[in-house]
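Structural description and commentary
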Amino acid sequence: MEKRPDLSLFLTRRNAAFPLAIECKIIDEVNSKSGKLYCDNGVSRFLTGEYAWATREALMIAYVRDKSTIASTLAPLFVPPAPDPAPYAVEGAMSAIGVPPPDLAKSSHSRGFRYPLRQPPCDEPGAIALWHLWLPAAQPALEVHNGATIDAAPCSPLGRVG
């Protein structure tokens, strides 16, 4: 099964064969949607060449359902030199862009794969810059009550009579 990022943005001044890859994740520690999961199932896919193998930039969007921030949740996973730098191959410190909101930062990562039909040193993809945009998200509007799933959100004005 071919893996694809959640979104592919085709920019007008960029080669249409290589869109900007955008991967989206939910951050919700209570429901096991952790920063580590964001990295293992998101960031890592850019580092192994599953996503954006021919480009040098990509974007990750997190929908944050708890009080997590890039500084509190993601940055500690990227502190160079980490005890084991291999998982996320961070090159240098993460840089915050502005003051939240929005929560925005940029990180740089080396990539361990090679282009199979090229000779060294042209077989190296080079580092990839990942932009991280963390946005506040609403809690799920569904609730389980006595085994039934119900909508826990207040009634929409469009659904009310009167």
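Residues numbered from 1 in each chain as written. Predicted model: local features only at pLDDT ≥ 70, side-chain atom pairs only at ≥ 80, totals over all residues. Heavy atoms only, no water.

Here we look at the side chain of Thr 55
Relative to the elements of secondary structure, Thr 55 occurs in the loop between α1 (35–47) and β3 (57–64). Not counting the four nearest positions on each side in its chain, Thr 55 is found in contact with Arg 14, Phe 18, Pro 19, Arg 111 and Ile 128. (Helix = DSSP H or I, 4+ residues; strand = E, 2+ residues; numbered from the N terminus. Contact = heavy atoms within 4.5 Å.)

Some words on the pairing of strand β6 (residues 128–136)
Summarising the sheet, β3 and β6 pair through 8 bridges and their orientation is parallel. Paired with Met 60 across the two strands is His 132, which belongs to β6. The pairing of strand β5 (residues 103–109) with β6 spans 7 bridges and is antiparallel. Bridge pairing in β6 places Asp 103 opposite Trp 134. (Pairing = 2+ DSSP bridges.)

Focus on the sheet that holds β6
Reading across from one edge, β1-β2-β3-β6-β5-β4 is the order of the 6 strands in this open sheet, with mixed pairing throughout. Of all the strands in the sheet, just β1 (7–9) and β4 (95–96) have a single pairing partner and so form its edges. With 3 bridges joining them, β1 and strand β2 (residues 20–27) adopt antiparallel strand pairing. Within β2, the residue paired with Leu 7 across the bridge is Ile 22. Sitting on the sheet, α1 touches β2, β3, β5 and β6, and the angle it makes with β2 is about 165°. (Axes fitted to C-alpha atoms, helices over the stretch in contact; angles between N-to-C directions.)

Section: the confidence of the model for the protein chain
Interpreting fine coordinate detail is not advised for predicted regions of low pLDDT. Here the protein chain averages 84 in pLDDT, and 80% of its residues register 70 or above. Segment residues 153–162: pLDDT under 50, and 2 contacts once partners within four positions in sequence are set aside and those in other chains are kept. (pLDDT = per-residue confidence, 0-100.)

So, the packing of aromatic side chains
Summed over the entire model, instances satisfying the criterion amount to 6 aromatic pairs. For the ring pair Tyr 38 and Trp 134, a centre distance of 5.3 Å and an interplane angle of 65° mean the geometry is edge-to-face. In this pair, Tyr 38 is assigned in helix α1 and Trp 134 in strand β6, connecting sequence segments 96 residues apart. Each of the two residues, Tyr 38 as well as Trp 134, counts as buried. Taken together through their ring pairs, the aromatic side chains of Phe 18, Trp 53, Phe 113 and Tyr 115 make up a single cluster. (Phe/Tyr/Trp six-rings, centres within 6.5 Å; stacked < 30°, edge-to-face > 60°. Buried < 20%, exposed > 50% of the residue type's maximum accessible area, 1.4 Å probe, protein only.)

Remarks on α1
At Asn 41, α1 shows its largest kink, close to 25°. Gly 35, Tyr 38, Cys 39, Gly 42, Val 43, Ser 44, Arg 45, Phe 46 and Leu 47 are the residues of α1 that are buried. Lining the buried residues of α1 we find β2, β3, α2 (70–74), β5 and β6. Remark: Gly 49 follows α1 within two positions and exhibits a positive phi of approximately 90°. (Bend = angle between axes of the 7 residues up to and from the residue.)

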